[in-house]
Amino acid sequence: MSPIKQNEKIIQLKSMLRSEVKAISPYQAEIDSFKVKINLAGNESPFDLPAVVKKEFKACFEQAEINRYPDIYSEKLQQKMAAYLSEELKQKVTADQVIVGNGSDNILDILIRAFVNPGDKVLAQAPTFSMYKYFTELSGGEYLAVPLNENFNYQSLQKIINQEKPKIIFFCSPNNPTGQPIARELILKIAELFTGPVIVDEAYADFSELNLLSDIKTHPNLAVTRTFSKAFGLAGIRFGYLYGNNALVEELKKVLVPYNLNSLTDLLVSVMLDNIEIIKQRVAVIKEQRQLMYQQLNSYQKWRLYPSMANFLYIEGQKTTIFKKLLNQHGIKIRSYNSETPAIRITIGSAAENEAVLNVFAEFKQLEQEE
Ligand SMILES: Cc1ncc(COP(=O)(O)O)c(C=O)c1O
């Protein structure tokens, strides 16, 4: 085929795409113009796989029959997750209340695909994690973002719900990027008012004292999504899950691709669940480091540092732009937001990584004084 003909074919092919796919741009991370030495942009864990987990995983891998398909819906892992949740909650959780997927992104996607028809509305807070909007728009839905300000309360949410009649509501708690939790009482009142699913994205709840896991039993339209990408340090292996009413889980399975979870993810998560104490110790270290970083960065009065229940800190203010530039000059990558007031989000890293941030912070303050 001639190059001109090939080009024409591509144009024709693109014209056949669904309008929602045509309209959307692929998800993109910030592009770096410097050599990254320390990455504090993705809210990942700074810890490598625990040695014992590596060892057990290798031993299991030797036995694994990779030539065979995994369980269709990862049934054994669902059972293991249910046992883990029962232990955490001191309350019986059954395997049919759990659905597992390739990261919680996968779960968020199937939730939206299960409920949202073109034109349907999806409600969430703003600012928040970008994928609720992305998946909504991909399904042809309309995304409604309620600003997280002093008016973010039951009365205003009730009004919006009654007016807009959303199909599904997402709460991100603790919220990405602000790190703040949403009041449990507010979420429960909304779950009582609203008929559709109320999803609490608890990707960072392992770093918080607050969560809604124990409320699933009494609220059939409430579900919690969680991930092993943050506290559990498995971002590269892609594992997330939803805990909710068994009727909801049964319906969601219809949208899930059979054999969705690959055998290696299944295996590693299972080994991880046998070594949960190590993760808890690591979470405690991150929380300590968060406190330290908060105290230090809060000593600067010209920006607003948000108290955080997650593994990152969010800072708002004009000065964050200069601080980010300086961090980048030292090879430290963080997230930034071009909001009305510029803002940055810094992941809590290892003690050494955090110290590197604080050294840059000292330099930043010094430069300020010299101005
Ligand atoms: C709030 C929130 N939910 C979900 C995710 C997706 O996590 P996963 O790696 O499990 O897909 C992230 C990732 O950053 C997140 O911040």
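Residues numbered from 1 in each chain as written. Predicted model: local features only at pLDDT ≥ 70, side-chain atom pairs only at ≥ 80, totals over all residues. Heavy atoms only, no water.

## A few points about the pattern of salt bridges
Line of reasoning, step 1. Inspection of the entire model under this criterion finds 20 salt bridges.
Line of reasoning, step 2. Between Lys-280 and Glu-88 there is a salt bridge, with its nearest N and O atoms 2.6 Å apart. Of this pair, Lys-280 sits in helix α11 (residues 276-297) while Glu-88 sits in helix α4 (residues 75-89), placing them 192 residues apart in sequence.
Line of reasoning, step 3. Among the residues examined, Glu-88 registers a relative accessible area of 36% and is labelled partly exposed.
Line of reasoning, step 4. For Glu-137, the salt bridge goes to Lys-133, with nearest N and O atoms at 3.2 Å. Residue Glu-137 and its partner Lys-133 are both found in helix α6 (residues 131-138); the two are separated by 4 residues, about one turn of the helix.
Line of reasoning, step 5. You can call Glu-137 partly exposed: its relative accessible area is 31%.
Line of reasoning, step 6. Each of Glu-202, Asp-206 and Arg-226 takes part in a single network of salt bridges with overlapping partners. (Salt bridge = Lys/Arg side-chain N within 4 Å of Asp/Glu carboxyl O. Helix = DSSP H or I, 4+ residues; strand = E, 2+ residues; numbered from the N terminus. Buried < 20%, exposed > 50% of the residue type's maximum accessible area, 1.4 Å probe, protein only.)

## Remarks on the UniProt feature "modified residue: N6-(pyridoxal phosphate)lysine" (unreviewed entry) in the protein chain
Line of reasoning, step 1. UniProt tags Lys-230 as "modified residue: N6-(pyridoxal phosphate)lysine" (unreviewed entry).
Line of reasoning, step 2. With respect to the helices, strands and loops of the structure, Lys-230 is situated in the loop between β7 (222-227) and β8 (240-243).
Line of reasoning, step 3. Those residues in contact with Lys-230, other than ones at most four positions away along the chain, are Gly-42, Asn-43, Ser-45, Ala-203, Tyr-204, Phe-207 and Asn-311.
Line of reasoning, step 4. Within the structure, the side chain of Lys-230 is placed 3.4 Å from the side chain of Tyr-204, a separation counted as a polar contact. (UniProt positions renumbered as here; feature names shortened; annotations may be inferred. Contact = heavy atoms within 4.5 Å. Polar contact = N/O pair within 3.5 Å; in protein donor to acceptor, adjacent residues only side chain to side chain.)

## Considering the sheet that holds strand β10 (residues 312-316)
Adjacent strands of a sheet form backbone hydrogen bonds with each other and so pair up, either parallel or antiparallel.
Line of reasoning, step 1. Here 4 strands make up an open sheet; going across it, the order is β9-β10-β13-β12 and the pairing antiparallel. A single partner strand is all that each edge strand has here, and the edge strands are β9 (304-305) and β12 (335-337).
Line of reasoning, step 2. Bridging between β9 and β10 involves 2 bridges; their strand directions are antiparallel. Its bridge partner being in β10, Arg-304 is matched across the sheet by Glu-316. (Pairing = 2+ DSSP bridges.)

## Digging into the UniProt feature "domain: Aminotransferase class I/classII large" (unreviewed entry) in the protein chain
Line of reasoning, step 1. UniProt's entry tags residues 36-359 with the feature "domain: Aminotransferase class I/classII large" (unreviewed entry), counted in the numbering of this structure.
Line of reasoning, step 2. Regarding residues 36-359, the helix share stands at 41% and the strand share at 17%, and the terminal C-alpha atoms are separated by 17 Å.

## Topic: the site of the ligand
Line of reasoning, step 1. The local shell around the ligand holds 13 residues, among which Ser-104, Asp-201, Tyr-204, Thr-227 and Ser-229 are the closest.
Line of reasoning, step 2. In the model, an oxygen atom of the ligand is placed 2.7 Å from a nitrogen or oxygen of the Tyr-204 side chain.
Line of reasoning, step 3. Protein contact buries 92% of the 400 Å² of open area that the ligand shows by itself.
Line of reasoning, step 4. Take the shell around the ligand: its biggest share by element is 3 residues, from helix α5 (residues 103-115).
Line of reasoning, step 5. Taken together, the residues of the shell around the ligand break down into 4 nonpolar, 5 polar and 4 charged. (Near = heavy atom within 4 Å. Areas by Shrake-Rupley, 256 points an atom, 1.4 Å probe, with all protein chains shown as cover. Nonpolar A, V, L, I, M, F, W, Y, C, P; charged D, E, K, R; others polar.)

## Quick word on the environment of Lys-165
Line of reasoning, step 1. Within the secondary structure, Lys-165 is located in the loop between α7 (154-164) and β5 (168-172).
Line of reasoning, step 2. The spacing of Lys-165 and Lys-121 is 44 residues in sequence and 7.2 Å in space, taken between C-alpha atoms.
Line of reasoning, step 3. Polar contacts involving the side chain of Lys-165 include one to the main-chain carbonyl oxygen of Asn-162, which spans 2.6 Å.

## Here's the deal with the sheet that holds β7
Line of reasoning, step 1. On the basis of which strands lie adjacent, the open sheet formed by 7 strands has the order β2-β8-β7-β6-β5-β3-β4 and mixed pairing. At either end of the open sheet lies a strand with only one pairing partner, and these are β2 (98-101) and β4 (142-147). Going from strand to strand, the sheet's axes swing by 20° on average, the running direction of each strand aside.
Line of reasoning, step 2. Pairing analysis gives 4 bridges linking β2 to β8, with the strands arranged antiparallel. Bridge pairing links Val-100 to Tyr-241 in β8.
Line of reasoning, step 3. This element, helix α9 (residues 246-255), spans β2, β7 and β8 of the sheet and lies at about 30° to β2. (Axes fitted to C-alpha atoms, helices over the stretch in contact; angles between N-to-C directions.)

## Brief notes about the domain arrangement of the protein chain
Line of reasoning, step 1. Split into domains, the protein chain comes out as domain 1 (28-49 + 278-370) and domain 2 (51-274).
Line of reasoning, step 2. Between domain 1 and domain 2, the C-alpha centre-to-centre distance is 26 Å.
Line of reasoning, step 3. Each partner contributes residues to the interface: domain 1 has 23 residues there, and domain 2 has 28 residues.
Line of reasoning, step 4. Counting the surface lost from both domain 1 and domain 2, the interface buries some 2100 Å², and carbon and sulfur atoms represent 63% of this.
Line of reasoning, step 5. The largest contributions to the domain 1 side of the interface with domain 2 come from Leu-49, Ile-279 and Met-309, which together make up 34% of the buried area.
Line of reasoning, step 6. Seen at the junction of domain 1 and domain 2, the total is 3 salt bridges.
Line of reasoning, step 7. Counting across the domain 1 and domain 2 interface gives 9 residue pairs in polar contact (both at pLDDT 80 or more).
Line of reasoning, step 8. Sorting the residues of the side of domain 1 that touches domain 2 by element identifies α11 and β10 as the ones contributing at least two each.
Line of reasoning, step 9. At 7 residues, α11 tops the list of elements feeding residues into the side of domain 1 that touches domain 2.
Line of reasoning, step 10. When the residues that make up the side of domain 1 that touches domain 2 are grouped by side-chain class, the tally is 12 nonpolar, 5 polar and 6 charged. (Domains from an automatic or database assignment. Buried area = accessible area lost by both parts, 1.4 Å probe.)

## Overview of the nonpolar core
Line of reasoning, step 1. Counting residues in hydrophobic clusters, the biggest one holds 80 residues, and the most contacted among them are Ile-190, Phe-228, Leu-297, Phe-323 and Ile-346.
Line of reasoning, step 2. Each of two domains, domain 1 (28-49 + 278-370) and domain 2 (51-274), supplies a minimum of three residues to this core.
Line of reasoning, step 3. Once you skip the residues sitting within four places of it in the chain, Phe-228 turns out to touch Met-81, Gly-233, Leu-234, Ala-235, Phe-239, Tyr-241, Val-269, Met-272 and Leu-273.
Line of reasoning, step 4. If you look at the next biggest cluster of nonpolar residues, it comprises 23 residues, including Ile-110, Leu-111, Ile-168 and Cys-172. (Core = buried A, V, L, I, M, F, W, Y, C linked by side-chain atoms within 4.5 Å.)

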